Amino acid sequence: SAEIIDGKAAAARLRARVGEIAAAFEAVAGRKAGLAVVLVGADPASSVYVKSKGKATVAANMASFEHRLPADTTEADLLALVDALNADPAVDGILVQLPLPKHIRESVVLTRIDPDKDVDGFHPVNAGRLATGLNGFVPCTPLGCLMLLEEQLGDLSGLDAVVIGRSNIVGKPMAALLTKASATVTVAHSRTKDLSSHVARADIVVAAVGIPHFVKGEWIKPGATVIDVGINRTEDGLTGDVDFDGAASVAGAITPVPGGVGPMTIACLLRNTIVAAHRNAGVQLGKDAI
Ligand code: NAD
């Protein structure tokens, strides 16, 4: 049966590494690297995410600036805050927690963030940089998935990968990263015909669908590596998008939910923030430092 990929341990290693680099950055730059997180409204899940991001930032020797705004904040007021954070030299990374209240247009807010402070990697400029092979910020969840895959498999070149889901946050950047890593990539989505036949050929399966137990164990090629991005709240607690027990009996390796991709997301946010700090402060960071 499959090896269980320990995302929690991988994330802890990455966070410790970021913490060391952040301490060295502070010694050279004379200030801490800083991450600003903006939350509009009081969605309980978002509130928990924002709190744990703040704690992880401080634990990694960086400064956390938390901005909690009321649910009735206007788009103009939120844009004014983004402008202020763009101009603030103590802020290296800006993250606006999604989803935003319905009266605020997410795309308008996300495109207002300075692309060089866009540590979530959602700005179209960063999506374009990823697509064309330029240095930019890559969304944290797919970046974490790629790191887990490379730790598990080493070189991905020539492997067949199926990404299920084509969202701007997970599926599309995941496909771009795998393409860059020279895998042969199929992007499946809600209109895909005969999904199981695509999955059956895949050495790598990344599931980012948002439907519990959607990917069946029988679909998986023996020995494949399965990355389950899904976070679904069900009566039985948190479950992923993959039928874990079925898939684990055929796969070579698989991420659990929780404890797989989830912890890597915040670790990658910290990673992006320390990279942003070096760029913004003009401090050199070794190419393979992190
Ligand atoms: P989304 O709803 O934006 O996208 C879902 C994708 O699934 C769509 O592209 C759609 O085409 C595809 N899809 C839907 N039904 C399908 C079907 N029947 N067959 C094939 N494809 C189908 O979701 P998202 O933001 O990409 O997130 C996906 C999942 O990952 C969710 O469970 C979400 O909670 C989770 N997530 C986890 C993290 C993390 O940190 N681990 C981060 C972001 C999202």
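Predicted, not measured: the structure shown is a model, and the values here were computed from it.

The local shell around the ligand holds 23 residues, among which Gly 165, Ser 167, His 189, Gly 210 and Thr 265 are the closest. Looking at the shell around the ligand residue by residue, the class counts come to 10 nonpolar, 12 polar and one charged.

So, about helix H6 (residues 140–153). The end-to-end C-alpha distance of H6 is 20 Å, a good match for the 20 Å that 14 residues give at a rise of 1.5 Å each. Within the sequence span of H6, burial applies to Cys 140, Thr 141, Pro 142, Leu 143, Gly 144, Cys 145, Leu 146, Leu 148 and Leu 149. Its buried side turned inward, H6 meets helix H1 (7–29), helix H7 (171–180), strand E7 (204–207), strand E8 (225–228) and helix H10 (261–281). Gly 154 sits one or two positions beyond H6 and adopts a positive phi of about 70°.

Per the UniProt record, "domain: Tetrahydrofolate dehydrogenase/cyclohydrolase NAD(P)-binding" (unreviewed entry) is found at residues 139–280. Its end C-alpha atoms 19 Å apart, residues 139–280 is made of 39% helix and 18% strand.

Moving on: the sheet that holds strand E6 (residues 184–188). A sheet is described by the order of its strands in space; here six strands give the open sequence E1-E11-E8-E7-E5-E6, paired in parallel fashion. The open sheet has two free edges, formed respectively by strand E1 (3–4) and E6, since each of these has just one partner strand. Lying on the sheet, H6 is in contact with E7, E8 and strand E11 (253–254); it crosses E8 at an angle near 160°.

Conventions adopted
- Residues numbered from 1 in each chain as written.
- Predicted model: local features only at pLDDT ≥ 70, side-chain atom pairs only at ≥ 80, totals over all residues.
- Near = placed C-beta within 6 Å.
- Nonpolar A, V, L, I, M, F, W, Y, C, P; charged D, E, K, R; others polar.
- Helix = DSSP H or I, 4+ residues; strand = E, 2+ residues; numbered from the N terminus.
- Expected span 1.5 Å × (residues − 1).
- Buried ≥ 20, exposed ≤ 12 C-beta atoms within 10 Å, placed from the backbone.
- Contact = placed C-beta atoms within 7 Å.
- UniProt positions renumbered as here; feature names shortened; annotations may be inferred.
- Pairing = 2+ DSSP bridges.
- Axes fitted to C-alpha atoms, helices over the stretch in contact; angles between N-to-C directions.

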